[in-house]
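Here are the chains, one letter per residue:
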Amino acid sequence: DAGVTQSPTHLIKTRGQHVTLRCSPISGHKSVSWYQQVLGQGPQFIFQYYEKEERGRGNFPDRFSARQFPNYSSELNVNALLLGDSALYLCASSWDRGEYMNTEAFFGQGTRLTVV
Amino acid sequence: AQSVTQLGSHVSVSEGALVLLRCNYSSSVPPYLFWYVQYPNQGLQLLLKYTSAATLVKGINGFEAEFKKSETSFHLTKPSAHMSDAAEYFCASRGDSSYKLIFGSGTRLLVRP
């Protein structure tokens, strides 16, 4: 079975541009979460979506937005890119909406975004 | 606010030696704790998770962790390090918000031949 897939794997953008990152969850998983991992730090929670609805949002500016589609895939959009947005963006999927505290989150390999 | 602290950004051991990676949590409610491993240029893979069923948790690749409420700790151990264990390890917690994971800053494990 395919795991969580993310695209693209790498990309380079210029300051001020917009970027869209994509994620396909494991088949049967309805929840998708996005995390930002800056070099040398642990992942930071950005969003969680379940059944196309936003369930949680981390402490990120409004330049960050996301959505989930009927097939449960998801997009993360970042507007007006800053140098500080350079990071590995990780997508994770799980089968529940978060009501079970011990549910495992399955992570994709990430998208490495470099802003120059 | 809930937090996870990993002591030591880098840990270096010889092949065959004991591996000990430290994690302490701060939570107002009993936490659910996880250890993830990240190999270079890859995502995160779950090693093990604590779910209150047992304080000693066994995971994949010979790793285990012990939950100690009195010390608010969930340290990761492996009796004998292998070269393939070289990676970055993250401790994470779900406490007051079940929909998100709170990660520590990570510990990079180096294994010397």
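Before going into details, it helps to say that this report is about the structure given with it.

Here is what the cut-offs are and how they apply
Numbering of residues starts from 1 in each chain and follows the order in which that chain's sequence is written. Numbering of ligands from 1 and lettering of chains from A proceed in the order in which they are written. With the structure being a predicted model, the display of local features is reserved for residues of pLDDT at least 70 and the display and counting of side-chain atom pairs for 80 or more, all residues being used for whole-chain, interface and lining totals. The basis for the side-chain values is all heavy atoms of the structure; hydrogens and waters are excluded. Comment: elements are numbered from the N terminus, with helices defined as DSSP H or I runs of at least four residues and strands as E runs of at least two. Note that the radius of gyration is over C-alpha atoms, with the globule rule given as 2.2 Å times the number of residues to the power 0.38. Partly exposed residues are those whose accessible area sits between 20% and 50% of the maximum for their type, while under 20% is buried and over 50% is exposed, using a 1.4 Å probe and protein chains only. Contact criterion: two residues are considered in contact whenever any of their non-hydrogen atoms come within 4.5 Å of each other. Here the Shrake-Rupley method, with its probe set to 1.4 Å, supplies the accessible areas, and only the displayed protein chains count as covering residues. For the purpose of counting charges, residues Lys and Arg are taken to be positive, whereas Asp and Glu are taken to be negative. His and the chain ends are not included. To locate a charge, take atom NZ for lysine, CZ for arginine, CG for aspartate or CD for glutamate. When the centres of two rings from Phe, Tyr and Trp lie within 6.5 Å, Trp using its six-membered ring, the rings pair. Their planes under 30 degrees apart give stacked, over 60 give edge-to-face, and anything left gives tilted. Strand pairing is defined by DSSP finding a minimum of two bridges between the two strands. In this analysis an axis means a line fitted to C-alpha atoms, helices contributing only their contacting stretch, and an angle means the value between N-to-C directions, from 0 to 180 degrees.

## Things to note about the overall build of chain A
Part 1 of the reasoning: Looking only at helices and strands, one finds zero helices and eleven strands in chain A.
Part 2 of the reasoning: When the helices and strands of chain A are listed from N to C terminus, the series reads β-β-β-β-β-β-β-β-β-β-β.
Part 3 of the reasoning: Taking 13 Å as the expected radius of gyration for a compact globule of 116 residues, we find that chain A reaches 13 Å, a close match to that expectation.
Part 4 of the reasoning: Taken along its principal axes, the extent of the C-alpha atoms in chain A is 40 × 30 × 30 Å.
Part 5 of the reasoning: Within chain A, the fraction of its 116 residues that count as buried is 51%.
Part 6 of the reasoning: Long-range contacts, defined here as pairs at least 24 residues apart, represent 55% of the contacts in chain A between residues at least 6 apart.
Part 7 of the reasoning: Put simply, chain A shows about 5600 Å² of open surface, and 48% of that area lies on carbon and sulfur atoms.
Part 8 of the reasoning: Each charge class in chain A can be summarised by its mean position, and for the 11 positive and 10 negative side chains these summaries are 8 Å apart.

## Some words on the packing of aromatic side chains
Part 1 of the reasoning: Going through the model one piece at a time under the given rule, you end up with 14 aromatic pairs over all chains.
Part 2 of the reasoning: With 5.7 Å between their ring centres and 70° between their planes, Tyr-35 of chain A and Phe-45 of chain A make a pair best called edge-to-face. With Tyr-35 of chain A in strand β4 (residues 31–37) and Phe-45 of chain A in strand β5 (residues 44–50), this pair connects stretches of sequence that are ten residues apart.
Part 3 of the reasoning: Between Tyr-36 of chain B and Phe-103 of chain B the ring centres are 6.0 Å apart and the planes differ by 50°, which places this aromatic pair in the tilted class. With Tyr-36 of chain B in strand β5 (residues 32–38) and Phe-103 of chain B in strand β11 (residues 102–103), the pair connects residues that are 67 residues apart, well separated along the chain.

## Some words on the sheet that holds strand β8 (residues 74–78) of chain A
All names here are of chain A.
Part 1 of the reasoning: Read from one edge of the open sheet, four strands run β1-β3-β8-β7, paired in antiparallel fashion. Of all strands in the sheet, those with a lone pairing partner are β1 (5–7) and β7 (64–68), marking the two edges. Here the strands of the sheet are splayed against their neighbours by 15° on average, with no regard to which way each runs.
Part 2 of the reasoning: Relative to β8, β7 runs antiparallel, the two being bridged by five bridges. Across the sheet, residue Gln-68 finds its bridge partner in β8, namely Ser-74.

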